[in-house]
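Chain and residue survey
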Amino acid sequence: MAISPAYARPQSTEAAFTCGACKGTFPRAQAAGNLYVCPGCDAHSRISAHERVRQLADRGSFEEWDGELAGRDRLGFVDTKPYVDRLQEARERQGLPDAILSGSASIEGRPVGLASFDFGFLGGSLSTAVGERLARAIERSADERRPFVCVTSSGGARMQEGVFSLMQMAKSVAALHRLAETHVPFISILADPTMGGSIASFAALGDVILAEPKAMIGFTGARVITQATYEQLPAGFQTSEFHHARGLIDQVVDRRQLRTVLGRLLAVLGAQTSEDARRLA
Ligand SMILES: [Zn+2]
């Protein structure tokens, strides 16, 4: 899926922040202080993985895992430009080896394994390196008995890696199965957008699934469905609120409340996890 130019990149160093929804312009410091939720219309702007971790992890608690894990161009893929060039540009722009950041952290004082997708890196798409880093983060969370928290913002499969990308769906799901066997919880947070192979695999498997307001969540985009079926789609189709009303999502949470909600969930689930660990011992 294409990256919408309507969304200003929050990690920009420009002095002003322009909201992609209402086009209002605000001082960057004001937008940053509001966690890049528009001060005018409450639209939740897309944010980088680094910014997400900064917002969620207790200050100074984040320690990166597998930061050396970078993908490569297995297929020699070239469209309007070589895939290797796209990778290099994205790395320089986003300050990440690929479209995910992962590590250990604490949230409201509770230890977690934390992963965040970076939509600015080739649409947060699921490359071999992203899938591997995600699977390793899940496995390490299981080993260290840390609840696993993943924030997804992803267009789905990485087209330039073909079937190797699709295999990451199975790999991440298998890792989550092992996590479930150890009775360590997985909290999945869906941010705008969570589409295609991401929602069709790991992102939909949270023990608790939260979503940010008005995030687009779905397998195939609405335009493609309309063109294929000639059906009129219902209002609000594929938004967080639409899915919440139908039971896919447990709670739609304003970004400014996300840390607090996670803290409460981790308190409840952490107690349960310890109880399970005692029983399994
Ligand atoms: Zn706005």
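Here the structure is a predicted model, which means the values were calculated and not measured. (Residues numbered from 1 in each chain as written. Predicted model: local features only at pLDDT ≥ 70, side-chain atom pairs only at ≥ 80, totals over all residues.)

Brief notes about the overall build of the chain
What the chain contains, in helices and strands, is eight helices and ten strands. The C-alpha atoms of the chain give a radius of gyration of 18 Å, which matches the 19 Å a tight globule of 281 residues would have. Each principal axis of the C-alpha distribution contributes one length, and for the chain these read about 55 × 45 × 40 Å. The buried share of the chain, reckoned over its 281 residues, is 41%. (Helix = DSSP H or I, 4+ residues; strand = E, 2+ residues; numbered from the N terminus. Rg over C-alpha atoms; globule rule 2.2 N^0.38 Å. Buried ≥ 20, exposed ≤ 12 C-beta atoms within 10 Å, placed from the backbone.)

Topic: the pairing of strand β7 (residues 186-195)
Among the ten residues of β7, ten are classified as buried, and the element is accordingly described as predominantly covered. Relative to β7, strand β6 (residues 148-154) runs parallel, the two being bridged by six bridges. Looking at the pairing, F148 lines up with F186 of β7. As for the winding sense of the linkage, the β-α-β connection from β6 through helix α5 (residues 162-181) to β7 is right-handed. (Pairing = 2+ DSSP bridges. Right-handed = clockwise from strand over helix to strand, strands pointing away.)

Notes on the nonpolar core
The biggest cluster of nonpolar side chains holds 54 residues, and the ones touching the most others in it are I138 and L190. With seven residues, the top contributor of residues to this core is helix α4 (residues 128-143). With residues up to four places along the chain from it excluded, the contact list for I138 reads F148, A175, L176 and L179. Core analysis: the second largest hydrophobic core is formed by five residues, F17, L35, Y36 and I47 among them. (Core = buried A, V, L, I, M, F, W, Y, C linked by C-beta atoms within 7 Å. Contact = placed C-beta atoms within 7 Å.)

Thoughts on the domain arrangement of the chain
Here the domain parsing of the chain yields domain 1 (1-45) and domain 2 (47-280). Put simply, the middle of domain 1 and the middle of domain 2, counted by C-alpha atoms, are 22 Å apart. Domain 1 puts ten residues into the contact, and the matching count from domain 2 is 17 residues. When grouped by side-chain class, the residues that make up the side of domain 1 that touches domain 2 number six nonpolar, three polar and one charged. (Domains from an automatic or database assignment. Nonpolar A, V, L, I, M, F, W, Y, C, P; charged D, E, K, R; others polar.)

Quick word on the confidence of the model for the chain
Mean pLDDT for the chain: 92, with 92% of residues reaching 70 or above. Within the model, pLDDT remains below 50 along residues 1-10, and this stretch shows 20 contacts once partners closer than five positions in the same chain are excluded. (pLDDT = per-residue confidence, 0-100.)

Digging into unusual backbone geometry
That bond from D192 to P193 is cis: its omega, -15°, falls within 30 degrees of zero. Mapped onto the fold, P193 is located in strand β7. For K23, which is not glycine, the phi dihedral falls at a positive 65°. Its place among the elements puts K23 in the loop between β1 (16-18) and β2 (25-27). Even without a glycine there, the phi angle at Y36 is positive, about 60°. Structurally, Y36 is set in the loop between α1 (28-33) and α2 (49-56). Taking the C-beta count within 10 Å as the criterion, Y36 has 25 such neighbours and is therefore assigned buried.

Some points on the pairing of strand β5 (residues 110-117)
Extensive coverage of β5 is indicated by the burial of six of its eight residues. Bridge analysis of β5 against β6 gives four bridges, and the strand direction is parallel. Paired with S116 across the strands is V151, a residue of β6. Read from β5 through α4 to β6, the crossover connection turns out right-handed.

Regarding helix α6 (residues 222-229)
Across the eight residues of α6, zero count as buried, placing the element largely on the outside. Y230 lies just past α6 and shows a positive phi near 60°.

Quick word on the packing of α4 against α5
Describing two packed helices takes the angle between their axes plus the distance from one axis to the other. Two numbers describe how α4 lies on α5: the axes approach to 9 Å, and their chain directions differ by 5°. One element, α4, and the other, α5, form an angle in the roughly parallel class. Residue-level contacts link T128, V130, G131, L134, A135, I138, E139, S141 and A142 of α4 to F164, S165, Q168, K171, S172, A175, L176, R178 and L179 of α5. (Axes fitted to C-alpha atoms, helices over the stretch in contact; angles between N-to-C directions. Parallel < 35°, antiparallel > 145°, perpendicular 65-115°, else oblique.)

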